[in-house]
Amino acid sequence: QVQLVESGGGLVQDGGSLRLSCAASGSIARIADMAWYRQAPGKQRELVATISNGGTVNYADSVKGRFTVSRDNAKNTVYLQMNSLKPEDTAVFSCHADVFTINSGRYIGYWGQGTQVTVSS
């Protein structure tokens, strides 16, 4: 019913930048919170940033001042601008959205498939 598709991952050098996008499509009535998570090899999944429908944002301490989350509600899309990337940022980044679907009449959480970000030293 709802699909989240990420794009923008890749290989970048230490100190470089990348911009991730996550577009939601399907039977969407409204999207509440959207978020970015990441999971590095051998580590637990970590919440990176969240943004509410009204634009309130929160960041993990490890990315504050370097990453910026934003969204375009008209496009059902969330973005993650990542600057000053470090090798320790290497991970699979996934987006999550709380979606009020037309058919279910309630909020359901959906995940994207993930996109690899690799930062070389």
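Residues numbered from 1 in each chain as written. Predicted model: local features only at pLDDT ≥ 70, side-chain atom pairs only at ≥ 80, totals over all residues. Heavy atoms only, no water.

Here we look at the packing of aromatic side chains
Quick note on the threshold: Only the six-membered ring of Trp is used, alongside the rings of Phe and Tyr, when aromatic pairs are assigned; centres must lie within 6.5 Å, and planes under 30 degrees apart are stacked while those over 60 apart are edge-to-face, with the rest tilted. Exposure categories follow from relative accessible area, calculated using a 1.4 Å probe and restricted to protein chains: below 20% of the type maximum is buried, above 50% is exposed, and the middle band is partly exposed. A ring has a charge above it when a Lys NZ or an Arg CZ is no more than 6 Å from the ring centre and no more than 35 degrees off the ring normal.
Taken as a whole and assessed by the stated rule, the structure comprises 2 aromatic pairs. Relative to Tyr-107, the ring of Phe-100 lies with its centre 5.1 Å away and its plane at 75 degrees, an arrangement referred to as edge-to-face. Phe-100 gets classed as partly exposed once you look at its relative accessible area, which sits at 27%. Since its relative accessible area comes to 38%, Tyr-107 is described here as partly exposed. When the ring centre of Tyr-79 is taken as reference, the NZ or CZ atom of Arg-19 above it lies at 4.1 Å. Residue placement shows Arg-45 over the ring face of Trp-111; its charged tip is 4.0 Å from the ring centre.

Quick look at the sheet that holds strand β3 (residues 18-26)
Our working definition: Note: two strands are recorded as paired if DSSP finds a minimum of 2 bridges between them. Only DSSP runs of H or I covering at least 4 residues are called helices, and only runs of E covering at least 2 are called strands; the numbering of each starts at the N terminus. Every axis corresponds to a line fitted to the C-alpha atoms, with the helix fit spanning only the stretch in contact, and the corresponding angles, defined between N-to-C directions, vary from 0 to 180 degrees.
The strand order β1-β3-β8-β7 describes an open sheet built from 4 strands, whose pairing is antiparallel. A single partner strand is all that each edge strand has here, and the edge strands are β1 (2-7) and β7 (67-72). Each neighbouring strand pair of the sheet contributes to a mean axis angle of 15 degrees, computed without reference to strand direction. Bridge count between β3 and strand β8 (residues 77-82): 6 bridges; the pairing is antiparallel. By the bridge assignment for β8, Cys-22 is matched with Val-78.

Some thoughts on the side chain of Arg-71
To keep things clear, this is the line we draw: Under the counting rule used here, the positive set is Lys and Arg, the negative set is Asp and Glu, and His together with the chain ends is not counted. Here, a salt bridge means any side-chain nitrogen of Lys or Arg that lies within 4 Å of a carboxyl oxygen of Asp or Glu. Counted as a polar contact is a pair of N or O atoms within 3.5 Å, where, for protein atoms, one must be capable of donating a hydrogen and the other of accepting one, and residues adjacent in sequence contribute only when both atoms are in side chains. The contact definition used throughout considers only heavy atoms, calling two residues in contact when any of these lie within 4.5 Å.
Within the element layout of this structure, Arg-71 appears in strand β7. We note that Arg-71 is buried and unpaired, the nearest opposite charge coming from Asp-33 at a distance of 5.5 Å. Within the structure, Arg-71 has its side chain in polar contact with the backbone oxygen of Ile-31 (distance 3.2 Å). Looking at Arg-71, its side chain comes within polar contact range of the side chain of Asn-73, at 2.6 Å. Residue contacts for Arg-71: discarding those within four places in its chain leaves Ile-31, Ala-32, Asp-33, Met-34, Ile-51, Ser-52, Asn-53, Thr-77, Val-78 and Tyr-79.

Take it as geometry only, folks, not as evidence of what the structure does.
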